[in-house]
Amino acid sequence: MPISTPTTQPAPVVVGRWAVVPVIDAVGPAMQARAAFPALPPDELTALLNEFGDAHSTSDRGQLILASQGFVILGPGRVILVDTCLGGPKVPGGTGMRGFSSRWLASLEAAGAPAETVDTVINTHLHHDHVGWNTRLGDDAALTATFPAARYLVARADYEHFAGSSGTPPQRHIEECIAPLDRAGVLEQVAGKVRIDDGVRLVPAPGHTPGHMVVEVSGDGRRVLLAGDLIHHPLQLRRPDVSAAMCVDPRLSAATRLEVLDRYADTDTVFLASHLPRGGVLRRDGDAFLLETEGPRHGLI
């Protein structure tokens, strides 16, 4: 199963005056399972992967099957984009996935969000697969904002960690996907809970990265949680204490994951995570959680 863009996309979820549209850039075997969850003994990891089957790992359980996806939030007079996935080609030797040609901008347009209509871009955090389409090469071969009418929102804690003078040295994807926006004056650093519009807000969920955020969309008694990288694989619903190797602070990530899952479980909140090809509704299952994916009342396919 190669990494590819699916020919069909998930269905929108309607929440009051908002329609939340998942838009998948790529799905397929993306990471070695043992590298992703090194804290789990091999036998325990295999047992957990077996529980979730071939939809979430290769048949030999060696690799995780992950999606890379963003979400469009459509409302009257608003086009909000949450995360910009893997991105297209940048400068020679720059970021991007070898052998994969992103068609995500065309998928966005089909979802009702042509690039020029997007007014706000939210990066839940600043890992490369969540900021890739923030920029693209312009006609003069210079990097420019992909969404020319948008303001770009990033967590101040993430900016300071990845790009600030007191944080880690700038990485290539930061130089390509964040720095040009900062120079253009369209990058806005935020902290704490932030209201984007009536029924759309950012909520801190740190641990995976220092400033990792989730996005809550609500209206008419319904709610959707865009969970970013709160979880990478459904095995973390069974074992919320298990953080992925990519987490900057594994202990904080685990504590945040348990707190968020506990807050939204059994509330009929539709839970959509960046790396899960399908969403669902969180239910408690003893000390663990499960994702109920069936049922037309959830607005899911």
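Data block above holds the structure.
Residues numbered from 1 in each chain as written. Predicted model: local features only at pLDDT ≥ 70, side-chain atom pairs only at ≥ 80, totals over all residues. Heavy atoms only, no water.

Turning next to the overall build of the protein. A tally of helices and strands in the protein yields 8 helices and 16 strands. For the protein, buried positions account for 53% of its 301 residues. In the protein, the proportion of contacts linking residues at least 24 apart, taken out of those at least 6 apart, comes to 66%. Working note: accessible area of the protein is about 12600 Å², and carbon and sulfur atoms make up 52% of it. (Helix = DSSP H or I, 4+ residues; strand = E, 2+ residues; numbered from the N terminus. Buried < 20%, exposed > 50% of the residue type's maximum accessible area, 1.4 Å probe, protein only. Contact = heavy atoms within 4.5 Å. Areas by Shrake-Rupley, 256 points an atom, 1.4 Å probe, with all protein chains shown as cover.)

Now for helix α8 (residues 250-264). Working note: α-helix, 3.6 residues per turn, so residues spaced by three or four point in the same direction. An ideal rise of 1.5 Å per residue puts 21 Å on 15 residues; α8 measures up with 21 Å between its terminal C-alpha atoms. Within α8 the residues assigned to the buried category are S253, A254, T256, R257, V260, L261 and Y264. Buried positions in α8, seen along its axis, are confined to an arc of 165° and lie on one side of it. Buried residues along α8 sit in contact with β12 (213-219), β13 (222-226), α7 (235-238), β14 (270-272), β15 (280-285) and β16 (288-292). Backbone geometry just downstream of α8 places D266 in the positive-phi region, at approximately 60°. (Expected span 1.5 Å × (residues − 1). Arc of directions from axis to C-beta.)

Right, let's get into unusual backbone geometry. Of note in this structure, D220 is not a glycine but carries a positive phi near 50°. Structurally, D220 is set in the loop between β12 and β13. Accessibility expressed as a relative area gives 70% for D220, which makes it exposed. Unlike most non-glycine residues, D268 shows phi in positive territory, near 65°. Considering the arrangement of structural elements, one finds D268 in the loop between α8 and β14.

By size, the foremost hydrophobic cluster in this structure holds 28 residues, and its most contacted members are V72, L81, W104, L108 and F147. If you list the elements that add at least two residues to this core, you get β2 (18-32), β4 (78-82), α3 (104-110), β8 (151-155), α4 (156-162) and α5 (172-177). Residue contributions to this core peak at 3 residues, all from α3. Once you skip the residues sitting within four places of it in the chain, L108 turns out to touch V23, V72, L81, A113, P114 and F147. Ranked by size, the runner-up nonpolar core spans 24 residues in total, among them I73, V190, M213 and V224. (Core = buried A, V, L, I, M, F, W, Y, C linked by side-chain atoms within 4.5 Å.)

Before going further, it helps to examine the pairing of strand β3 (residues 63-75). Burial within β3 is extensive, with 11 of its 13 residues counted as buried. Judged from the 12 bridges that link them, β2 and β3 form a sheet pairing that is antiparallel. For V21, the partnering residue across the bridge sits in β3 and is V72. In the sheet, β3 pairs with β4 via 5 bridges, with the strands oriented antiparallel. Pairing of F71 across the sheet is with V82, part of β4. Hairpin connection between β3 and β4: a loop of 2 residues separates the two successive antiparallel strands, and G77 in this loop has a positive phi of roughly 75°. (Pairing = 2+ DSSP bridges.)

What follows concerns the sheet that holds β15. Each strand in a sheet pairs with another by means of backbone hydrogen bonds, the pair being arranged parallel or else antiparallel. Strand order across the open sheet formed by 7 strands is β10-β11-β12-β13-β14-β15-β16, with mixed pairing between neighbours. In this open sheet, the two edge strands, each paired with only one partner strand, are β10 (194-197) and β16. Averaged over neighbouring strand pairs, the angle between their axes works out to 30° when direction is ignored. In this structure, β13 lies alongside β14, joined through 3 bridges in parallel fashion. Following the sheet pairing, L225 is matched in β14 by F271. (Axes fitted to C-alpha atoms, helices over the stretch in contact; angles between N-to-C directions.)

Those residues of helix α2 (residues 42-52) that fall on the buried side of the exposure criterion are L45, L48 and L49. Seen end-on, α2 carries its buried residues on one side only, within an arc spanning 100°. For α2, the secondary structure elements touched by its buried residues are α1 (33-36), β3 and α7. Just beyond α2, the residue with positive phi is G53, at close to 70°.

Below, the discussion takes up the sheet that holds strand β1 (residues 13-15). Here we have 7 strands laid out as an open sheet, ordered β1-β2-β3-β4-β5-β8-β9, and mixed in their pairing. On the outer flanks of this sheet lie β1 and β9 (187-190), each paired with one strand and no other. Averaged over all pairs of adjacent strands, the angle between strand axes in this sheet comes to 25°, irrespective of strand direction.

Our focus in this paragraph is the pattern of salt bridges. In a structure, side chains of opposite charge can pair up when their charged atoms sit close to one another. As enumerated under the stated definition, the model contains 18 salt bridges in all. For the salt bridge of R61 with D54, the shortest nitrogen-to-oxygen distance reads 2.7 Å. R61 gets classed as buried once you look at its relative accessible area, which sits at 15%. For R239, the salt bridge goes to D241, with nearest N and O atoms at 2.7 Å. (Salt bridge = Lys/Arg side-chain N within 4 Å of Asp/Glu carboxyl O.)

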